[in-house]
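Structural features, examined
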Amino acid sequence: MPDATSHLIRYAGGFTPGIVERAKGTSVFTEDGRELLDFTSGQMSAILGHSHPEIVEVIREQIGRLDHLYSGMLSHPVIDLARRLAGTLADPLDRAMLLTTGAESNEAALRMAKLVTGRHEVVSFARSWHGMTQGAASATYVAGRSGYGPGAPGNFALPVPDRFRPSIVDSDGNLDWRRQLDLGFDLIDAQSVGSLAACLVEPILSSGGVVDLPPGYLAALRDKCRERGMLLILDEAQTGLCRTGDWYAHERDGVVPDILTLSKTLGAGLPLAAVLTSAEIEQEAHDRGFLFLTTHVNDPLPAAVGNTVLDVLARDRLDERARELGTLLQDGLRELAGRHPVIGDVRGRGLLVGLELVAADADGGAPGGRSGPGTGADTDALGAAVTRRCAELGLHMNIVQLPGMGGTFRIAPPLTATEAEIGRGLEILDAALTDVTR
């Protein structure tokens, strides 16, 4: 597309071939008439699919009445959404601020944690993704660190508890996450200047390869934070609001964070994010002069959309729907794994599913498993080839196009997808794997 892209700055590799003209439900349509099943929910955001009629209606109605205000003014959509978000969470998290992106919400959460604790050091996972603004990017390790100069001082990486590719194992060869976590904090303590402020993590590392934290890990991490006087910030930009089969992914572990950040899913594809915390932390931050101001903080138009998203999620029981469709999807992927040796692992929760491919060894033998001989370049090339073939056959599946991680698919259809659409996506993936590995 030389003419289409000649005036665009490329911001994350190349662009997907073709120009999208419209989208509806679980499909996007290109101007040349091709239909693609959207198994990425746009940018992991359109949990209600595209052009959901109730979202369309509320935008039409709200934009003609009240769209944007001075940041110090309040409106009923904002007040209602803050109250209703608090009602979806454990009691302590009853104070909210509405923003536009996940990076913004993580930025605000980090500033709040630093101000309240009087410290500046931040811990996050070694394959984390929290955004591209300064504080969020400094806590992001999966990509984007090289070539941009120094990040914010005092950021530390914590080893990822990856059960498929464990770095520390027990006597049975399985991930020993408790020993890994202890070692990680031993190293952090050794490097810290005594100013640990916060730990910012995703309950399921999404861009980092759809790595679900082992049961018990999040509670142990919370205890590590409490021992050091740190605040625990959970980034649920991609896991919150029913995506994983619960309203929030952290509910499975019975852990209540000090600060919760949301984005993407709250606006069902439109720019809406949130920071939620306790009254105690909010009061302390206010007393210390907390300042985080953007042009679109607490804007009424996106807040009205957020209220409609909560309406649909609750009414249609989309947490239950995500569990049902997630089981259907994962069962189907595991059935494919029985016929395609290049599928090394299927993992995830609800409708956030990871599929990891493994490349054949250098002699053309069977693909390597968790410690197999396939190189990062091998799996990157394999993943890119499968992605291209899926697109040619009518399926868009998000793949983490990062060096060494190109063989991991991140599959996240809208929560409103049908069983038939899940089945069609599986059929296309089956055909693509067959064509590429033939």
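Everything below is about the structure shown above.
Below: a short report on this structure. Quick caveat: nothing in here was measured; it's all calculated off a predicted structure.

1. Overview of the overall build of the protein
- Each helix and strand in the protein was counted, giving 13 helices and 17 strands.
- A compact globule built from 438 residues would reach a C-alpha radius of gyration of about 22 Å, and the protein, at 22 Å, matches this within 12%.
- If you line up the protein on its principal axes, its C-alpha atoms span 65 × 55 × 45 Å.
- Taken across its 438 residues, the protein has 53% of its residues classed as buried.
- Sequence-distant contacts, at least 24 apart, represent 72% of the contacts inside the protein between residues at least 6 apart.
- Summed over its atoms, the accessible surface of the protein is roughly 19100 Å², and 52% of this surface lies on carbon and sulfur atoms.
- Taken together, the 40 basic and 57 acidic charged side chains of the protein have centroids lying 1 Å from each other.

2. Describing the packing of aromatic side chains
- With the rule as written, the count across this model stands at 3 aromatic pairs.
- One residue, Arg22, lies across the ring of Phe29, its end atom 4.0 Å from the ring centre.

3. What about a nonpolar patch on the surface?
- A cluster of nonpolar side chains, Leu8, Tyr11 and Phe15, forms an exposed patch at the surface whose accessible area comes to about 350 Å².
- Structurally, the position occupied by Leu8 is in the loop between helix 1 (2–5) and strand 1 (20–24).

4. Regarding the side chain of Lys224
- With respect to the element layout, Lys224 can be found in helix 8 (residues 217–227).
- For Lys224, a relative accessible area of 14% puts it in the buried group.
- The residues contacting Lys224, other than those within four sequence positions of it, are Leu181, Asp182 and Phe185.

Conventions used here
Residues numbered from 1 in each chain as written. Predicted model: local features only at pLDDT ≥ 70, side-chain atom pairs only at ≥ 80, totals over all residues. Heavy atoms only, no water. Helix = DSSP H or I, 4+ residues; strand = E, 2+ residues; numbered from the N terminus. Rg over C-alpha atoms; globule rule 2.2 N^0.38 Å. Buried < 20%, exposed > 50% of the residue type's maximum accessible area, 1.4 Å probe, protein only. Contact = heavy atoms within 4.5 Å. Areas by Shrake-Rupley, 256 points an atom, 1.4 Å probe, with all protein chains shown as cover. Lys, Arg positive; Asp, Glu negative; His and termini not counted. Charge placed at Lys NZ, Arg CZ, Asp CG, Glu CD. Phe/Tyr/Trp six-rings, centres within 6.5 Å; stacked < 30°, edge-to-face > 60°. Lys NZ or Arg CZ within 6 Å of the ring centre and 35° of its normal. Patch = residues over 30% accessible without salt bridge, like charges linked within 9 Å, V, L, I, M, F, W, Y side chains within 5 Å. Salt bridge = Lys/Arg side-chain N within 4 Å of Asp/Glu carboxyl O.

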